[in-house]
Amino acid sequence: MGIHNADIAEAFAEIGDLLAIQGDNPFRIRAYRRASQIVRSLPRELAEMHDASEYEALPGIGADLAAKIAELVRTGHLDTLDALRRKVPSGVRELLSLPGMGPVRVRALANKLHVRSRADLERAVASGRLEKLRGFGPALQSGLQTALAVQPAAGSAKRLPLFVAAQYAEPLRRYLQSIPGVARVEIAGSYRRRRDTVGDLDVLLCAPPDVNPFDALGRYPDLGTLSAAGTTKASGVLRNGLQIDVRVVPPESFGSALHYFTGSRDHAIRMRRRAQERGLKLNEYGLFRGTARIAGETEEDLYRRLGLAWIAPELREDRGEIEAAEKGTLPPLIERADLKGDLHVHTDASDGHDSLEKMAAAAREQKLAYIAITDHAKHLGIVHGLDAARLERQAAAIDALNEKLRDLVILKGAEVDILEDGRLALPDSVLARLDVVVIAIHGHFDLSEAKQTARVLRALERPHVSILAHPSGRLLGEREPCALDLERVLEAARDRPCYLEVNGQPARLDLDDVHVKAARDRGVLLSIASDAHSADQLANLEGGVRQARRGWARKEDVLNACPLGELRKLLRRTRL
DNA sequence: GCCGTTTTCGGCCCGACTGTTTTCAGTCG
């Protein structure tokens, strides 16, 4: 209800675009765009902060923008934005998304040819009126014509889930690695930062100056088009539509290039500014004092020469990591080897593919000390869900298997549906006999935020709840997160207590990074889970760990990084 | 519009590539 951070972020982004089209001060424009990004990635809803002075404490938000946030929260709109919209016709802004179209050319179109929409532009191109305009040559015009015909009107740039991008990135990496003379290949960008989605592939090649790998790149079977290729930089599009940008750098620059192309953009900008403050210059070729390169071969050197500890790529989002690196307070991030168990695992008793025995064997191969079998509980809509009697039989089978196993303990659990009204799909008397009760939403994703939040909070009041699984219900590229006030859910989880899952299924990665950090900051422990439905899917734990790392999680923040004895204590604390 | 180890004005990251230029502006990442 009310205004969300995403609305505020969009308002600032729109102001930035409209100011750019008007030819306003570029630094003012940047301030709005930066504020938009900052607001978008905040875990707390600005509308719920009671003291508006808190706005000004945010980096990049000064007195003016704080007042604008307050105005948006109070009134739902913004005078500045309304005024700009009156000056710049709607439809002009979306011209910015066309290739080769920046603020200068968009302004020329609007002012000189009265183009105020994509349709106007199409007509202007067709009638040849663009030719009179300075800066609109034949190449640009034909590019526009293609884009207008092909590109869908809105929301064109589609990001791929990380695991889908990996299916294209890894073969490309192997191909490039095989080119003679290429010493090293790294996929940088958001792929290296392990963001949950990837917009393009930033590929870095290490090769001496006499090697030109772009001929070979042009012959890559999955390549669609190679749109630009200079001596050190090429870009193109794979057949599946994924944009790739390839850069070639010499070994002495590899670290600085890797740093720059790993990003994020904001992190890299902060680093360059930091260099500048010290009388140095940082670019993709190295860190320079005058013309002398003082670092560049490795990232570690670069950070050290700027007075910082090396920062893991997962943290490079300009969310406080540079300050932490300066103070020496970067968190020692959780690693896969820290996980002692997995508390969300299915078998063929419900919708999994493999038997209890096979899942246990796979868990031992993954070097886990314990797993919880959490098959779906029976209720309408869940196929093969377990009722009380079948849970009883599974418990007996687990007891028997535990007798035989020496290095793995199997805990008894269930994944229980949260019904539409917040009740659970199994009675408390049945849940009381389990070691681990995982609860989750599996339907009615489209309730209002008020109803969805009340539903989950009510479920958390039940006496035998250990873990809230995949809290947002999102499926990357398929289903948006449901409207849920995660702030209130986190507070309820902290006070209760119970734990929140970081689901490692590649299409879920739920909680997201921002809410992992919010949970961590509140002291709510995380359960990094595979949600495996087959033996090989226990490997999902790796993806969960990556996601947790992006949210600054240490092993102390993770429930299943505890040894079994400690885990049992923590699980008992959830019994009300 | 933000911000301060160049502190309340005067800066603000940096380079590659393209197209349209006759020396560089604009876009992009």
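Now for a look at the structure at hand. (Residues numbered from 1 in each chain as written. Chains lettered and ligands numbered in written order. Predicted model: local features only at pLDDT ≥ 70, side-chain atom pairs only at ≥ 80, totals over all residues. Heavy atoms only, no water.)

Mapped onto the elements, Val-92 comes out in the loop between α5 (79-87) and α6 (103-113). Along the backbone, Val-92 and Ser-117 are 25 residues apart, and their C-alpha atoms lie at a distance of 5.5 Å. Not counting residues within four places of it along the chain, the set of residues in contact with Val-92 comprises Ile-21, Val-106, Ala-110, Val-115 and Arg-116. (Helix = DSSP H or I, 4+ residues; strand = E, 2+ residues; numbered from the N terminus. Contact = heavy atoms within 4.5 Å.)

Let us look at empty space enclosed by the protein. By the definition in use, this model includes 1 cavity of 30 Å³ or more. Put simply, the largest cavity is a space of about 30 Å³. Ser-256, His-259, Tyr-260, Ala-268, Arg-272, Leu-282, Asn-283 and Glu-284 together form the lining of the largest cavity. Secondary-structure elements contributing two or more residues to the lining of the largest cavity are α12 (254-262), α13 (265-277) and β8 (281-283). At 3 residues, the largest contribution of residues to the lining of the largest cavity is made by α12. The residue inventory of the lining of the largest cavity, partitioned by class, reads 3 nonpolar, 3 polar and 2 charged. (1 Å grid on protein atoms, 1.4 Å probe; cavity = no way out; pocket = protein on both sides within 12 Å on 5 of 7 lines; lining within 4 Å. Points joined across faces, edges and corners; volume = space filled by probe spheres on them. Nonpolar A, V, L, I, M, F, W, Y, C, P; charged D, E, K, R; others polar.)

Next up on the list: the protein's contact with DNA strand B. Surrounding DNA strand B, one finds 47 residues, the nearest of these being Arg-30, Gly-62, Gly-102, Gly-137 and Arg-272. Per the 4 Å cut-off to the protein, sugar and phosphate atoms form 71% of the nearby atoms of DNA strand B. The separation between a phosphate oxygen of DNA strand B and a polar main-chain atom of Arg-105 is 3.2 Å. With respect to DNA strand B, the backbone of Pro-138 contributes an N or O atom lying 3.1 Å from a phosphate oxygen. (Near = heavy atom within 4 Å. Polar contact = N/O pair within 3.5 Å; in protein donor to acceptor, adjacent residues only side chain to side chain.)

Ranked by size, the top nonpolar core spans 64 residues in total, and within it Ile-334, Ile-410, Val-416, Leu-424, Ile-439, Val-489 and Ile-528 carry the most contacts. Top element by residues in this core is helix α16 (residues 356-365). It accounts for 5 residues. Leave out the neighbours within four places in its chain, and Ile-410 touches Leu-356, Ala-360, Ile-371, Ile-373, Ile-398, Leu-401, Asn-402 and Leu-405. Ranked by size, the runner-up nonpolar core spans 50 residues in total, among them Ala-9, Ile-21, Leu-65 and Leu-130. (Core = buried A, V, L, I, M, F, W, Y, C linked by side-chain atoms within 4.5 Å. Buried < 20%, exposed > 50% of the residue type's maximum accessible area, 1.4 Å probe, protein only.)

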